[in-house]
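Each chain, letter by letter, is given below.
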Amino acid sequence: MILTHILLCVVLCSQQALSAPKHTKKSHANNILDYVNPLIGTQNGGNVFAGATLPYGMAKAVADVDGENTGGFSTDGSNITGFSALHDSGTGGNPSLGNFPIFPQLCSEDNINSCKFTTAARATHYKNDSVEARPGYFGIELENGIHADMAVSEHSALFRFNFSAALSANGSAKPLISLDLTDLWKSRQNASISVEATDGSDSGRMKGNGTFLPSFGAGSYQAYFCLDVAGGTVEDSGVWVNDRARSNPKQLFVTRGFNLFYLQAGGYLRFCDLSDGTLTVRMGLSFVSTNQACQNAEAEIPGPEFDFDSLVDRAEDAWHAKLAPISIEMGDVNDSFQTNFWSAVYRTMISPQNYTGENPHWQSSEPYFDSFYCIWDMWRVQLPFLTILDPKMVSNMVRSLLDTYKHRGWLPDCMMSTCKGWTQGGSDADNVIVDAYVKNLTGIDWDLAYEAILNDAENEPLEWSVEGRGGLTSWKNLHYIPYLDFDPVGFGTNSRSISRTLEHSYNDFNLATLARGLAKNTTTTYLSRATNWQNLFKADQNSFINSTNTTFAGFFQPKYLNGTWGYQDPIACSPLAGWCSLTSNPSETFESSVWEYMFFVPHDVSKLIELLGGDETFVRRLETFHTSGLADPGNEPVFLTVYVAHYAGRPGLSAKRVHQYIPSRFNTSYAGLPGNDDSGAMASFTLFGMLGLFPNPGQNVYFITPPFFPSISVTNPLNNVTATVRVTKGFDTEYRNLYIQRATLDGKEYTRNWIGHEFFANGGVLELEVGSEESRWGTDAKDRPPSMSTMSTMKW
């Protein structure tokens, strides 16, 4: 009987020389999705997630490689090691998620141990020209002829593996799907799997869970899966350990072994008699339980006929709806700029991820978002962009941050895989919340928001490396964070004294803004603390580049507890001197140089200009920074430096610098990002630059520069009003005319070089005339953006 069954499978499998199924893109009028290329940033450390996802979706399906695999897949020509459905996008450091990779292969002969199970053994190169990535869909072909494509729902993924071409070359082989109880980082602490399949049946199931470590944080998390495979007749099933498999037992538990030895293990399902040459694999996911993973799969991708095409169509509809509020008049602008723009819009909505209903830590009716990875990166541009494009979703994100405060006692500064991430600077969620407040987002408990931010400002947690602020005793008494601080209240990485002083200052300014708006009596206290950044300004400090004095005096420097000065070379941690990491070589500035942080006083650039010697000296210093190789466009603190010339009455220089970086460093190539996308931060810098309005978040300020298109409009999805930025005279596709000569707002003369969020909230038309030389527009003191020191206390 067994022999007859095997022979029947051999005969039927040998007849399966069918073509791989394809999905045809859904037709939309003027389909903006045609301009989205998810592969931008899949080389050179961009680390973007290139696979199938819904906007803010938890399930993220893609091929994982053994090269640049922080986002799962890269176009670096490395080998595919599996296909998994949990990922983060654009992050640095260790690969994040990539749990429970599955792998299709043909096993020769009838010996199950002819299959390749471990990561290194199964690694297979892919055909470079076979990669197809678009919103909601990812497809690729292995060199052995197996074609894979995938689509997703909110918490589940659907994979199709077509073996037709591979079976034509080797008709006696048996298609097999294996599952590996691992993740991309190989951080698994323990895991289990059970295989539920009957030989001769038309489908099989594997389910289980694992405990893993977050890639940039503390603690551990559990993930759960429920895998169903259909499309053929089950030949056999079982578990494997290292490179050996057996059909019995059907269950397995694996943990770290002697000296933390990492044992690879998992389950498999082997088939014959594929009805159309294809095995369809549904993977349900959960952070709560295996049962919930199965429920997610069954509810979102019902069987037994898994409808792949409808999943892709639904994803395309969802993405089209999210991008639809923006419209562009292209004129004769090269299509590559539109590809750059729309691809960036798409990347802003890959993370944060909506894990509502998947929170294993507490029960709540509030939204729950994860993959704030990290807010230090996201608060400056990405979340402000989403405040314009998708304000309701940002309100939900803020509610999620506040609900985290209610249940954990602290606002998160970084969060991934449901774990606490490492703090990088100040308490950055404060900036996100206050930005939402000044832009009048609704549905948020502002009294709770004040309480949460006040907690960050006044109370130090025991472990401030994952939440809150460290050094608050020194902050309150000395009014700066000292170098080698004595902090008996809490503990964390004792570094970053300069950048933390600057960032705490801005946190306190934002708290003052919220306190004033809510009529609290603490406004003056926090406005005073917002000036603490000045206590680390050393007026006689100079800087040398290659032993040549830059001639500029005055830089931030570390200061000891006793008030004496320490020293950090102002070019340290810049591209001229090497990268500084939080974990390997921490310095007194986080991931950027003193030169770069010299311009990080978002709330009082006017005072900074005064300390540095006035407008002319300030502008010369900015020019040196951006032309000497000191500026790192791949790291977020540089973003504001592109635009601070507005405060010195030189908006034209800001426009010039935008074009210095776009498209030279932010473009449509696979290596088209200057660093990892940081959950969409690099994308958002691109967007605001091309839009011609760049935010100073936490304040009601957007800096005006000419857009990259003749006209660009954003319709507010809450009230259906439209804000349009249009160049009415002088636009040229070579971008020689970079300088605004004249502006009108709704037909009235407009001389300010900045505009408020009312433009997006209420709609309007900002019309610009541009030319090839700087003009007087936006240069007068009254037309510059507001600064704390130039505004009266009453106005704050």
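Residues numbered from 1 in each chain as written. Predicted model: local features only at pLDDT ≥ 70, side-chain atom pairs only at ≥ 80, totals over all residues. Heavy atoms only, no water.

Counting 219 residues, the largest nonpolar core has Phe 73, Phe 83 and Phe 159 as its most contacted members. Of the residues that make up this core, three or more belong to each of domain 1 (35-321) and domain 2 (327-771). Excluding residues that lie within four positions of it along the chain, Phe 159 makes contacts with Ala 61, Phe 83, Ser 84, Ala 85, Ile 102, Asp 149, Met 150, Leu 279, Thr 280, Val 281 and Met 283. Listed in part, the nine residues of the second largest apolar core include Tyr 137, Ala 230, Phe 308 and Leu 311. (Core = buried A, V, L, I, M, F, W, Y, C linked by side-chain atoms within 4.5 Å. Buried < 20%, exposed > 50% of the residue type's maximum accessible area, 1.4 Å probe, protein only. Domains from an automatic or database assignment. Contact = heavy atoms within 4.5 Å.)

This next bit is on the UniProt feature "domain: Glycosyl hydrolase family 92 N-terminal" (unreviewed entry) in the chain. When the UniProt feature table is mapped onto this chain, "domain: Glycosyl hydrolase family 92 N-terminal" (unreviewed entry) is found at residues 35-286. Along residues 35-286 the backbone is 4% helical and 43% strand, and the end-to-end C-alpha distance reaches 32 Å. (UniProt positions renumbered as here; feature names shortened; annotations may be inferred. Helix = DSSP H or I, 4+ residues; strand = E, 2+ residues; numbered from the N terminus.)

Once that is clear, we can look at the packing of aromatic side chains. Overall, the coordinates contain 46 aromatic pairs when judged by the stated rule. Taking 6.1 Å as the distance between ring centres and 5° as the angle between the ring planes, the aromatic pair formed by Phe 159 and Phe 161 counts as stacked. Of the two residues, Phe 159 and Phe 161, both sit in the buried class. Ring centres 5.9 Å apart and planes at 85° place the aromatic pair Phe 552 and Trp 595 in the edge-to-face group. One end of the pair, Phe 552, is in the loop between β25 (548-549) and β26 (555-556); the other, Trp 595, is in helix α15 (residues 594-597), and 43 residues separate them in sequence. Here Phe 552 matches Trp 595 in class, with each residue buried. (Phe/Tyr/Trp six-rings, centres within 6.5 Å; stacked < 30°, edge-to-face > 60°.)

This brings us to the pattern of salt bridges. Summed over the entire model, instances satisfying the criterion amount to 36 salt bridges. Between Asp 508 and Arg 529 there is a salt bridge; the shortest N-O distance is 3.0 Å. Linking Asp 508 in helix α13 (residues 497-517) with Arg 529 in helix α14 (residues 523-529), this pair joins segments that are 21 residues apart in sequence. In this structure, Asp 508 and Arg 529 share a single accessibility class: buried. (Salt bridge = Lys/Arg side-chain N within 4 Å of Asp/Glu carboxyl O.)

On the basis of which strands lie adjacent, the open sheet formed by six strands has the order β18-β29-β30-β34-β31-β32 and mixed pairing. A strand with exactly one partner marks an edge of an open sheet, and here the two such strands are β18 (326-329) and β32 (748-749). Bridging between strand β31 (residues 739-745) and strand β34 (residues 764-771) involves six bridges; their strand directions are antiparallel. Looking at the pairing, Thr 744 lines up with Glu 767 of β34. (Pairing = 2+ DSSP bridges.)

Before going further, it helps to spend a moment on the state of the cysteines. Enumeration over the complete set of coordinates arrives at four disulfides. With its sulfur 2.2 Å from that of its partner, Cys 226 forms a disulfide with Cys 294. Disulfide Cys 226-Cys 294: torsion about the S-S bond near 95°, hence right-handed. Here Cys 226 is found in strand β12 (residues 221-230), whereas its partner Cys 294 is found in helix α4 (residues 290-300), with 68 residues between them in sequence. By relative accessible area, Cys 226 is classed as buried at 0%. Of the residues examined, Cys 294 reaches a relative accessible area of 6% and is grouped as buried. A sulfur-sulfur distance of 1.7 Å marks the disulfide that ties Cys 374 to Cys 414. Disulfide Cys 374-Cys 414: the torsion about the S-S bond is -50°, which places it as left-handed. You can see Cys 374 sitting in the loop between β20 (369-370) and α7 (375-378) and its partner Cys 414 sitting in the loop between α9 (391-408) and β21 (415-416), a full 40 residues away along the chain. When its relative accessible area of 1% is taken as the criterion, Cys 374 is described as buried. Between Cys 419, a free cysteine, and Cys 414, which holds the nearest cysteine sulfur, the sulfur-to-sulfur gap is 11 Å. (Disulfide = S-S within 2.5 Å.)

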